[in-house]
Amino acid sequence: MSRGNDDLRDQVLEAKRRLPLPQLFERLGIETKGNGQVRKNPLREDDGNLSFSTFEREGGWGWKDHATEQGGDEINFLEAHKGLTRAEAVREYLALAGVENAPQRHGKAAASRPSATAPARPARAAKATSHPPIDWQKCVEAIGDDDLDKLAAWRGYSRDFCAWLRDRGLVGLAEGCFALPVHDDQRRVIAAHLRLGTSGRWKYAPQGVGVHPLVIGPHDAENLLCFESQWDAFAFMERGGWHREEPEGWAVVATRGKSNGGLVAAPGVPRTKGCIAIVQNDTAGEAWLAKLEETFAGERVFAIRPPAGVKDFNDWTRAEAVDVWQLIADAKAIDRSAKTAAPAAPNLKPPAPSGNDLEGLADGFGLYWLDGSEKFFRRSADGLRFFEVGIADIRRKLKVLGMASKPAEGETCSVIDRLLVHVQDHRAVDWAGGVAGFRAGVYPMQGKRVLVKDSPEIPSPAAGEWPIIRALIEGRLDVPDFGARQLATFYGWCKCGYESLLSGEHRPGQALVLCGPSDCGKSRIQNQLITPLLGGRQSDPAPFLIGRTDFNSELISAEHHQIEDMPSAIDMRSREFFGEMIKASVIGDIQRSHKKGRDAITLSPFRRLSMSMNDNPERMKVLPPISSDLRDKIVLLKAQSSPLPMPLETGEDWRHFREAIKRELPAFCHFLTQYQVPEDLRSRRFEVRYFHHPEILSALMENEPDQMLALLIDQRLFEADERSGWRGTALELQQLLTDDESKCAAEARKLFSYSTACGVYLARLADKHPERYINDRSAKKREWIIRAPGVSV
């Protein structure tokens, strides 16, 4: 074999080391799961059932399309994916991996990162696609003021910073989604990086451009800040005041993913001697840092990490006031030989805002004014709450910091007075208080500017064991015959609520009802587990939900709406009202907050409703009738008596129990983030499908057989979202519900206790719901027409 072939083989091996198959998928904009598998077949659009897999083998990675029997390595994939010849695919792969014509076998530093004095040859352009280029300017112009408000509320940035991102062309709207620009080596926009709604997934438009880092700042910058996530980068820049004045000599690069640490050496990124890396607090973040260190071989890398328990830098800035320039000054350089922190070179911190920068001063102190009042609010040092302060308090605080309280010579008012006027003119809010699901900050809500005074204490996930929590849950819910289903439903319900709070992207969740014997531990699940899982704040909504009061202001600030003992013997009208209020609580995006003696305001709080009650029929009769439109919005779980995981006889016992739950809660949260709801139990809307334990449902419906029939009909006829309706006789319906293939056969046989029961109950349903149950009687045959739920006449 010739020397040229040896060199090419070495280059291919080096490319496979740098860009293995899972990372190649990311570079090409192909969506993958956490385990490296693709979400859909990248070679065939019509592949309804995924028949494509990747696997690690000796010497590298492989792939196979099981329907066509195609397979191979990274180069074979490029051949199939882009329709290239073998030679074209090899050149394309080397270019994507950044090793085209790179020297080999001369050490990592030579192969990894071009020197600052000899810029790297630009990567070979990807093969042109048939997709039209993106009109990025149009995407930027599509961002309206409401969109900026949404972005600010979602990511915890200031409104002014979001406007700056738009003005700098760093954010846009494409296909109705928030999007970021993708630049080529010359900083020209060639694609958009779209975030797909609440799924959290990303895609490129047009596809096929490959993964490029997001670079902000001058080409000749002396200092480089490196981020895995663009959201972390923006959070750092917002806290550093980039939107007020961009610091001279600083550039920012975000690699758009944990697998792309090597992109800090991509063409277009400033060639600096070392960098400052802002690292995420997980294993993937450390792997990203290791790749970045390898790329900067021989040069100094400084690392900044969020505190323990905080996932990433964006979350850190949302939890407390972070001085990013002080973090840079205190950053530690990584000593590769000893793997210990070496002292950082001193960095100059930009000067504090002067008396002429009123917005900088106000933002630094977190000052806001409640419109039409004497109340001002100041952010706490940790950023987790706002304190109500008066003008005298503000004056004292600013005087301590050296601000003059008297006008300077030749001026008519002091710096302090000008600052207060500026706050009233530019930093006024319409309402201040607690809003469930929102960290302390200022948010747009229903046309108002709302100051949220305090933050929920959302636990951070951390890998570990949780035996006490597991015993508490499984001891109550792992009941005979239905234990696995109840546990999956409960874990899915907790997962949806916890991840909604953690991400700030609020999703609806069903009302959870735990029915069981007295003192079996069901309320302990509510108090000791669900409440701290959902931020530590709970309130009793029962009087409001059954219509006994119109005042509900205390509910707005609590994430967990917890009912332990409902008033007994409420009438049917109140029960039906209760059902309507549960539906509004589950699926409503807004809630009217009304405090006695105050005007009401409409807000957008997060909430989860849980109830616990004894399992005797009299107590359960307070629950609303389970109608077809309430059925999927409520979960009915049976709790059983079982020994508690710890003794709870003394006050000391209770303290140890609460401390044990608190210790294990991060591990339980980590379990929830990794938990996958079984495929057949998934719900697009609620994460997990509802479940009604048959014993609980039967007891609840004991005196309402027509409602029980309605539930069985929906379960048997319309479970698969069948919308065509059904026609037949009462006898045919009875046979359908009780046959061996029916999942509800046992309940149906119990319901039809006499021969004409099905027809009698259908008649009652037709009287109550004539739009769904229609008696189509003729001289020859008496048939019924049953329409699917939600289908209009």
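Residues numbered from 1 in each chain as written. Predicted model: local features only at pLDDT ≥ 70, side-chain atom pairs only at ≥ 80, totals over all residues. Heavy atoms only, no water.

### A closer look at the overall build of the chain
Stage number 1. Regarding its fold elements, the chain presents 28 helices and 33 strands.
Stage number 2. Across the chain, the fraction of contacts at a sequence separation of at least 24, relative to all contacts at a separation of at least 6, is 66%.
Stage number 3. When the accessible surface of the chain is summed, it comes to about 37,000 Å², and 49% of that surface belongs to carbon and sulfur atoms. (Helix = DSSP H or I, 4+ residues; strand = E, 2+ residues; numbered from the N terminus. Contact = heavy atoms within 4.5 Å. Areas by Shrake-Rupley, 256 points an atom, 1.4 Å probe, with all protein chains shown as cover.)

### Thoughts on the pattern of salt bridges
Stage number 1. Here the structure, examined in full by the defined rule, presents 32 salt bridges.
Stage number 2. The residue Arg305 makes a salt bridge to Glu286 at a minimum N-O spacing of 3.0 Å. Remark: Glu286 occurs in helix α10 (residues 283–295) and Arg305 occurs in the loop between β12 (301–304) and α11 (313–319); sequence separation between them is 19 residues.
Stage number 3. Taking relative accessible area as the criterion, Arg305 reaches 37% and is therefore assigned partly exposed.
Stage number 4. The exposure class of Glu286 is partly exposed, given its relative accessible area of 33%.
Stage number 5. Notably, a salt bridge pairs Lys291 with Glu294, separated by 3.9 Å at the nearest N-O pair. (Salt bridge = Lys/Arg side-chain N within 4 Å of Asp/Glu carboxyl O. Buried < 20%, exposed > 50% of the residue type's maximum accessible area, 1.4 Å probe, protein only.)

### Here's the deal with the pairing of strand β16 (residues 376–379)
Stage number 1. Both strand β15 (residues 367–370) and β16 contribute to a ladder of three bridges, which runs antiparallel. From the neighbouring strand, Leu367 faces β16, where its bridge partner is Arg378.
Stage number 2. With antiparallel pairing between neighbouring strands as the criterion, β15 and β16 make up a hairpin whose turn holds five residues, including Gly372 at a positive phi of roughly 80 degrees.
Stage number 3. One ladder, built from four bridges, connects β16 with strand β17 (residues 386–389); its direction is antiparallel. (Pairing = 2+ DSSP bridges.)

### Description of the confidence of the model for the chain
Stage number 1. Looking at the chain, pLDDT values average 80 and 85% of them are 70 or higher.
Stage number 2. Note on residues 101–131: pLDDT is under 50 here. Beyond four places in sequence and across chains, it has 56 contacts.
Stage number 3. In this model residues 338–353 is a low-confidence stretch, pLDDT under 50, and it forms 24 contacts with partners more than four residues away in sequence or in other chains. (pLDDT = per-residue confidence, 0-100.)

### Things to note about unusual backbone geometry
Stage number 1. Of note, the amide linkage connecting Ala205 to Pro206 takes the cis form, showing an omega dihedral of -5 degrees.
Stage number 2. Here Pro206 is to be found in the loop between β7 (201–205) and β8 (214–216).
Stage number 3. Despite not being glycine, Glu175 has its phi angle at roughly 55 degrees, a positive value.
Stage number 4. Of note, Glu175 is situated in the loop between β4 (172–174) and β5 (177–183).

### Topic: helix α25 (residues 705–717)
Stage number 1. Counted at 1.5 Å a residue, the expected span for α25 with its 13 residues is 18 Å, and the 18 Å between its end C-alpha atoms agrees.
Stage number 2. Every buried residue belonging to α25 is among Pro705, Asp706, Gln707, Met708, Leu709, Ala710, Leu711, Leu712, Ile713, Asp714 and Leu717, and all of these are buried. (Expected span 1.5 Å × (residues − 1).)

### Digging into the sheet that holds strand β33 (residues 782–786)
Stage number 1. Reading across the sheet, the three strands line up as β31-β33-β32 and stay open at both edges, with antiparallel pairing between neighbours. Of all strands in the sheet, those with a lone pairing partner are β31 (726–728) and β32 (773–777), marking the two edges. Adjacent strand axes in the sheet meet at a mean angle of 20 degrees when their direction is disregarded.
Stage number 2. Each of β31 and β33 is contacted by helix α26 (residues 730–738), which is oriented at about 120 degrees to β31, the strand it contacts most.
Stage number 3. In this fold helix α28 (residues 757–768) packs onto β32 and β33, with an angle of close to 50 degrees to the strand it touches most, β33. (Axes fitted to C-alpha atoms, helices over the stretch in contact; angles between N-to-C directions.)

### Here's the deal with the state of the cysteines
Stage number 1. Overall, the coordinates contain zero disulfides when judged by the stated rule.
Stage number 2. The thiol sulfur of Cys275 is not disulfide-bonded, and the nearest other cysteine sulfur, from Cys226, lies at 3.7 Å.
Stage number 3. A relative accessible area of 3% means that Cys275 is categorised as buried. (Disulfide = S-S within 2.5 Å.)

### Remarks on the side chain of Ser742
Stage number 1. Mapped onto the fold, Ser742 is located in the loop between α26 and α27 (745–751).
Stage number 2. A distance of 3.2 Å separates a polar atom in the side chain of Ser742 from the backbone nitrogen of Cys744.
Stage number 3. Sequence-distant contacts of Ser742, that is, excluding residues within four places in its chain, are made with Arg716, Leu736 and Leu737. (Polar contact = N/O pair within 3.5 Å; in protein donor to acceptor, adjacent residues only side chain to side chain.)

### Considerations on the side chain of Glu664
Stage number 1. Considering the arrangement of structural elements, one finds Glu664 in helix α23 (residues 651–674).
Stage number 2. It is Arg663 that comes nearest to the buried, bridge-free Glu664 among opposite-charge side chains, at 6.2 Å.
Stage number 3. A polar side-chain atom of Glu664 sits 3.0 Å from the main-chain amide nitrogen of Ile468. (Lys, Arg positive; Asp, Glu negative; His and termini not counted.)

### Re the environment of Arg470
Stage number 1. Structurally, Arg470 is set in helix α16 (residues 467–477).
Stage number 2. Look at Arg470 and you get partly exposed, because its relative accessible area is 34%.
Stage number 3. Spatially, the C-alpha atom of Arg470 lies 8.9 Å from that of Pro645, the residues being 175 residues apart in sequence.

### Some points on the packing of aromatic side chains
Stage number 1. Evaluated as defined, the whole model comprises 26 aromatic pairs.
Stage number 2. Measuring from ring centre to ring centre gives 6.4 Å for Tyr754 and Tyr761, while their planes differ by 75 degrees; the resulting arrangement is edge-to-face.
Stage number 3. Here the guanidinium or amino end of Arg470 rests over the ring plane of Trp466, the centre of that ring lying 3.9 Å away.
Stage number 4. Positioned above the aromatic ring of Tyr690, the side-chain terminus of Arg689 is 5.6 Å from the ring centre. (Phe/Tyr/Trp six-rings, centres within 6.5 Å; stacked < 30°, edge-to-face > 60°. Lys NZ or Arg CZ within 6 Å of the ring centre and 35° of its normal.)

### Points about the nonpolar core
Stage number 1. Ranked by size, the top nonpolar core spans 56 residues in total, and within it Met611, Leu709, Ile713, Leu733 and Leu762 carry the most contacts.
Stage number 2. Per element, the largest residue contribution to this core is seven residues, and it comes from α25.
Stage number 3. Contacts of Leu733, omitting those with residues within four sequence positions, involve Ile713, Leu717, Trp726, Cys758, Leu762 and Ile786.
Stage number 4. Leu170, Ile216, Phe236 and Trp325 belong to the second-largest nonpolar core, a separate cluster that totals 45 residues. (Core = buried A, V, L, I, M, F, W, Y, C linked by side-chain atoms within 4.5 Å.)

### Describing the packing of helix α14 (residues 391–400) against helix α15 (residues 415–426)
Stage number 1. One can describe the packing of α14 onto α15 by two numbers: an axis separation of 11 Å at closest approach and a directional angle of 130 degrees. What the angle tells us is that α14 and α15 run oblique. As α14 packs across α15, the resulting crossing turns out to be right-handed. For the pair α14 and α15, contact is made by Ile391, Ile394, Arg395, Leu398 and Lys399 and by Ile416, Asp417, Leu419 and Leu420, respectively.
Stage number 2. Of the residues in the contact of α14 with α15, the class split is six nonpolar, no polar and three charged. (Parallel < 35°, antiparallel > 145°, perpendicular 65-115°, else oblique. Left-handed = near helix turned anticlockwise from the far one by under 90°. Nonpolar A, V, L, I, M, F, W, Y, C, P; charged D, E, K, R; others polar.)

### Here we look at the sheet that holds strand β27 (residues 608–614)
Stage number 1. Judged by pairing direction, the sheet is parallel, and its five strands sit side by side in the order β23-β24-β27-β22-β28 without closing on themselves. Among the strands making up the open sheet, the edge pair consists of β23 (538–539) and β28 (634–638).
Stage number 2. Inspection of the sheet shows strand β24 (residues 560–563) paired to β27 by four bridges, in the parallel sense. Counterpart to His560 in the pairing with β27 is Arg608.
Stage number 3. Most of the contacts of helix α17 (residues 483–503) go to β27, to which it runs at about 145 degrees, and overall it touches β22 (511–516), β27 and β28.
Stage number 4. Its contacts with the sheet place helix α18 (residues 522–533) against β22, β23, β24 and β27, and it is angled at close to 160 degrees to β27.

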